Amino acid sequence: MRDRHPMIASKLELSPCAVSVLGQLFVEGPTSDDNNITSKAGRCDLVSAGLAFHEAGLSSLTPDGVRLAREWDLCSLYARRDRRWYLKVRAIARPQGAAVSHSESGAAVR
């Protein structure tokens, strides 16, 4: 029996540029190539891995790309100082209205 979900690229297989673009597209949604994408090489890496697509000058994540971005380790995002990605993943992981401790408040994340 085949798995419903195709194999997605491992986090370890992505270049730093691809990880940066993954976070950008996850947070911002479809993004224009006209000086808005953080790395065209990173975008190409994501497209090759099946995590993003590029059409008519816009780049966007595929469902597998969104899944990978949502499942990214919070500690890793915190260490990367990627505040927007960190906060979005944390908000998805925690139900609305759940208490936030000072250590989770993100105050130190920039």
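Residues numbered from 1 in each chain as written. Predicted model: local features only at pLDDT ≥ 70, side-chain atom pairs only at ≥ 80, totals over all residues. Heavy atoms only, no water.

Q: Break down the pairing of strand β2 (residues 52–55) for me, with residues and values.
A: Across 4 bridges, the pairing between β2 and strand β3 (residues 58–61) is antiparallel. Paired with E55 across the strands is L58, a residue of β3. Hairpin connection between β2 and β3: a loop of 2 residues separates the two successive antiparallel strands, and A56 in this loop has a positive phi of roughly 55°. (Pairing = 2+ DSSP bridges. Helix = DSSP H or I, 4+ residues; strand = E, 2+ residues; numbered from the N terminus.)

Q: Describe the sheet that holds β3, with residues and values.
A: Overall, antiparallel pairing links the 3 strands, which are arranged β1-β3-β2 in an open sheet. Of all the strands in the sheet, the pair left with one neighbour each is β1 (31–32) and β2. Where helix α2 (residues 40–48) meets the sheet, its contacts fall on β2 and β3, and the angle it forms with β2 comes to roughly 115°. (Contact = heavy atoms within 4.5 Å. Axes fitted to C-alpha atoms, helices over the stretch in contact; angles between N-to-C directions.)

Q: An account of the nonpolar core is needed here, citing residue identities and associated values.
A: Counting residues in each nonpolar core, the largest one holds 19 residues, and the members touching the most others are L14, L22, L25, L46, W72 and W85. Of all the elements in the fold, those that place two or more residues in this core are α1 (16–28), α3 (63–70) and α5 (83–93). Element by element, the count of residues in this core is highest for α1, at 6 residues. (Core = buried A, V, L, I, M, F, W, Y, C linked by side-chain atoms within 4.5 Å. Buried < 20%, exposed > 50% of the residue type's maximum accessible area, 1.4 Å probe, protein only.)

Q: Pulling in residues and values, what's your account of the environment of G65?
A: Position of G65 relative to the elements: it lies in helix α3. Look at G65 and you get buried, because its relative accessible area is 0%. Sequence separation of G65 and F26 is 39 residues, and the distance between their C-alpha atoms is 8.1 Å. Once you skip the residues sitting within four places of it in the chain, G65 turns out to touch L22 and L51.

Q: Can you explain the packing of α1 against α2? Please cite residues and give values.
A: Where α1 meets α2, the axes come as close as 7 Å, and the angle between the chain directions of the two elements is 85°. With respect to their mutual orientation, α1 and α2 come out roughly perpendicular. The residues of α2 that touch α1, namely those facing C17, A18, V21, L22 and L25, are G42, R43, D45 and L46. Residue classes in the contact of α1 with α2 are distributed as 6 nonpolar, 1 polar and 2 charged. (Parallel < 35°, antiparallel > 145°, perpendicular 65-115°, else oblique. Nonpolar A, V, L, I, M, F, W, Y, C, P; charged D, E, K, R; others polar.)

Q: Give me the lowdown on the packing of aromatic side chains, citing residues and values where you can.
A: To describe a pair of aromatic rings, one takes the distance between the centres and the angle between the planes. Under the defined criterion, the tally for this structure stands at 2 aromatic pairs. Here K88 stacks its cationic end above the ring of F26, 4.5 Å away from the centre of that ring. (Phe/Tyr/Trp six-rings, centres within 6.5 Å; stacked < 30°, edge-to-face > 60°. Lys NZ or Arg CZ within 6 Å of the ring centre and 35° of its normal.)

Q: Give me the lowdown on the confidence of the model for the chain, citing residues and values where you can.
A: One rule of thumb: low pLDDT means the predicted coordinates there are not for detailed reading. This prediction gives the chain a mean pLDDT of 79; 74% of its residues lie at or above 70. Element-level mean pLDDT values for the chain span from 82 in helix α4 (residues 74–80) up to 95 in β3. Scored below 50 in pLDDT, residues 1–8 makes 6 contacts in the model with residues more than four places away or belonging to other chains. In the model, residues 100–110 has pLDDT below 50 throughout and makes 18 contacts with residues more than four positions away in sequence or in other chains. (pLDDT = per-residue confidence, 0-100.)

Q: Kindly report on α2, identifying the contributing residues and their values.
A: Because the α-helix completes a turn every 3.6 residues, residues three or four places apart line up on one side. When we look at burial in α2, the residues that qualify are G42, R43 and L46. An end-on view of α2 places all buried positions within 100° of arc, on one side of the element. Where α2 begins, the side chain of S39 points an oxygen toward the backbone nitrogen of A41, at a separation of 3.4 Å. Two residues or fewer after α2 comes G50, characterised by a positive phi angle close to 80°. (Arc of directions from axis to C-beta. Polar contact = N/O pair within 3.5 Å; in protein donor to acceptor, adjacent residues only side chain to side chain.)

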